[in-house]
Amino acid sequence: MAIDEGAILKSELRWAMVVGGIVLVILSAILFAALSMHINPPSNREFADPKTLHTSDEFTEANLGTRVEPDGKVVARIIATQFNFVPDCIVVPAGRDVTLRFTTPDVIHGILVAGTNVNTMIVPGYVAQVHTRFTRTGDLMMPCHEYCGLGHSQMIATVRVVPPGAFRPAADGRIACGERRPA
Amino acid sequence: MARQTDLVPDDGGVSPAGAPAEQRALDRPWRLWASIIVAGALLVGALIGFVLIPAGQAGNANLSLYEAVCRALGIRSGSPAQVQPVSSAVSVPVSEVSWDPAVMRILAEGNSRRGAAIAAQTCASCHGDKGLSQSDVPALAGQSPYAIYKQLADYRSGARAHPQMTGVAKALSVPDLAAVSAYFAAASKEYAAIGARDLVSEVEIERLAREGNSRRRIPACLSCHLNGVGGPIETPVIIGQNDDYLLAQMNAYASGQRRNDVYGRMRDISAKLTPAERAALARYFQGTL
């Protein structure tokens, strides 16, 4: 049975249009997410020596948690470690730009806050940084979403989003959930 | 010769690999258009990734369009944010031990013969012959050299305090600490089987030790406290450890009295455990060998 070359060409064209359409839809989804929801691969490239994090200036134990910097920026520093986050609860204000900075002394971890654009891997040797603005108040779950070892499923932190009026940092700009740990 | 010419089909002078001439003519515009479409898709993709998205995000991070595009292309290093001001907080490390190559080399070179001599002189009276002790003095046989070195170094630096150990560790040099650590680590294989004690088999406690508790965010003890599973390298092996000692340490962590656990992992976990659970876990680990 002879097949007409023209018919084959038409069929190929139709399939090419289908594939082209799928590529177009995916590209527009990426574009929409990136521009309107600020969801994009975090592109911060900043190094941090995992061996000496605990003796470093920024990620030393006493410096972790939420802090309002002198210039008014809200920055939360969190260590992801086998198998918990330090601190495992952070307080942030609703409706204000918040910068979350993560790093790890051991293995690859990941974090995700459902319903927000906070979603990044935390890779040893690098600082993972996310800019966000929380709109809903309440306790949000921030689980580790990159398998990191046997205690992975117990590795969950809380992001406590409070109304701007209830966000009252201490004189040094720090604010923590409940009792501060003996440091 | 004749056989070979037979193999070449009569295709009107086109090379054997190619399609017939009329089909090639039919394909030509299609190939042209396909190339244009692929090139166009690449161009559009590059435009989106390197110009459009950086342009949309530049304002977010207070960058100029040029800077944002350069960073997206990887020409300029940096992030969509400026370098963060390093906190003004003073670094007050809980422990000064960091596992850099220099320390690892010291441990690798730890002379266990010298360690044996120091151990016999200094350690044996409390920690027992070959590191097998009783009651609230920790047993050292079966321990990893990193765990022993970390604790000795912390006693030396003051990150951990003990009426006797602080003085002992300060009297030893750093290579001596490594030698002692190497000695007790080597002693483990020979003596690890000694000391099988009463087994505790409470279901809840065993579950806590083996699986942890997700609701209370308590990771399983054994996700770190076994050789080579997880957690920091200095995590001690606690199986077969004396229960009085284990309980005292968990209580000290919970109250914040002991704080040389980097990033407070054990302070956090101990505080989440009830006093009864701490006691049961201490018994469980003494008995599990």
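That block above? That's the structure.
Report on the accompanying structure. Here the structure is a predicted model, which is why all the values come from computation and not from measurement.

All names here are of chain B. End to end, helix 5 (residues 112-127) covers just 17 Å across 16 residues, shorter than the expected 22 Å (1.5 Å per residue, more than 12% under). At alanine 120, helix 5 is deflected by roughly 50 degrees, the largest bend along its length. All of the buried residues in helix 5 are Gly115, Ile118, Ala119, Cys123 and His127. One side-chain oxygen of the residue at the start of helix 5 lies 3.0 Å from the amide nitrogen of arginine 113, identifying that residue as asparagine 111. Of the residues trailing helix 5, glycine 128 is marked for its positive phi of about 85 degrees.

This brings us to the pattern of salt bridges. Residues and elements named next belong to chain A. Scanning all chains against the criterion turns up 18 salt bridges over all chains. One salt bridge connects arginine 133 with aspartate 97, and the closest N-O pair in it is separated by 3.0 Å. Of this pair, arginine 133 sits in strand 8 (residues 128-133) while aspartate 97 is found in strand 5 (residues 97-103), placing the two residues 36 residues apart along the sequence. Looking at arginine 133, the relative accessible area reads 49%, which means it is partly exposed.

Turning our attention to the packing of helix 10 (residues 243-255) of chain B against helix 11 (residues 265-272) of chain B. Residues and elements named next belong to chain B. Two elements in contact, helix 10 and helix 11, have axes separated by 7 Å at closest approach and are oriented at 95 degrees. Between helix 10 and helix 11, the angle is such that the two are roughly perpendicular. Contact residues: Met250, Tyr253 and Ala254 in helix 10; Met266, Arg267, Ser270 and Ala271 in helix 11. Considering only residue class, the contact of helix 10 with helix 11 consists of 5 nonpolar, 1 polar and 1 charged.

Turning next to the nonpolar core. Membership of the largest hydrophobic core comes to 35 residues, with the highest contact counts inside it found for Phe85, Leu100, Phe102, Phe134, Met142 and Val159 of chain A. When contributions to this core are tallied by element, the ones reaching two or more residues are strand 2 (74-81), strand 4 (89-93), strand 5, strand 8, strand 9 (138-143) and strand 10 (156-162) of chain A. In contact with leucine 100 of chain A, not counting residues within four places along its chain, are Ala76, Ile90, Val118, Ala128, Gln129, Val130, Thr132 and Phe134 of chain A. Of all hydrophobic cores here, the second largest spans 21 residues; its members include Trp99, Cys123, Leu172 and Leu177 of chain B.

Turning our attention to the packing of aromatic side chains. Residues and elements named next belong to chain B. With the rule as written, the count across this model stands at 5 aromatic pairs over all chains. Ring geometry for tryptophan 99 against tyrosine 146: centres 5.6 Å apart, planes inclined by 90 degrees, an arrangement best described as edge-to-face. Within this pair, whereas tryptophan 99 is found in the loop between helix 3 (65-73) and helix 4 (101-108), its partner tyrosine 146 is found in helix 6 (residues 145-157), the two being separated by 47 residues in sequence. For tyrosine 146, a relative accessible area of 26% corresponds to the partly exposed category. Through a chain of ring-to-ring contacts, three or more aromatic side chains come together here, namely Trp99, Tyr146 and Tyr149.

It is worth spelling out the sheet that holds strand 4 of chain A at this point. Residues and elements named next belong to chain A. Within the open sheet, the 3 strands sit side by side as 4-10-9. Their pairing is mixed. Strands with a single pairing partner mark the edges of an open sheet, and in this sheet they are strand 4 and strand 9. The average undirected angle you get between the axes of adjacent strands in this sheet is 25 degrees. The pairing of strand 9 with strand 10 spans 6 bridges and is antiparallel. Residue pairing in the sheet places methionine 141 in a bridge with threonine 158 of strand 10.

Scoring rules and cut-offs
Residues numbered from 1 in each chain as written. Chains lettered and ligands numbered in written order. Predicted model: local features only at pLDDT ≥ 70, side-chain atom pairs only at ≥ 80, totals over all residues. Heavy atoms only, no water. Helix = DSSP H or I, 4+ residues; strand = E, 2+ residues; numbered from the N terminus. Expected span 1.5 Å × (residues − 1). Bend = angle between axes of the 7 residues up to and from the residue. Buried < 20%, exposed > 50% of the residue type's maximum accessible area, 1.4 Å probe, protein only. Polar contact = N/O pair within 3.5 Å; in protein donor to acceptor, adjacent residues only side chain to side chain. Salt bridge = Lys/Arg side-chain N within 4 Å of Asp/Glu carboxyl O. Axes fitted to C-alpha atoms, helices over the stretch in contact; angles between N-to-C directions. Parallel < 35°, antiparallel > 145°, perpendicular 65-115°, else oblique. Contact = heavy atoms within 4.5 Å. Nonpolar A, V, L, I, M, F, W, Y, C, P; charged D, E, K, R; others polar. Core = buried A, V, L, I, M, F, W, Y, C linked by side-chain atoms within 4.5 Å. Phe/Tyr/Trp six-rings, centres within 6.5 Å; stacked < 30°, edge-to-face > 60°. Pairing = 2+ DSSP bridges.

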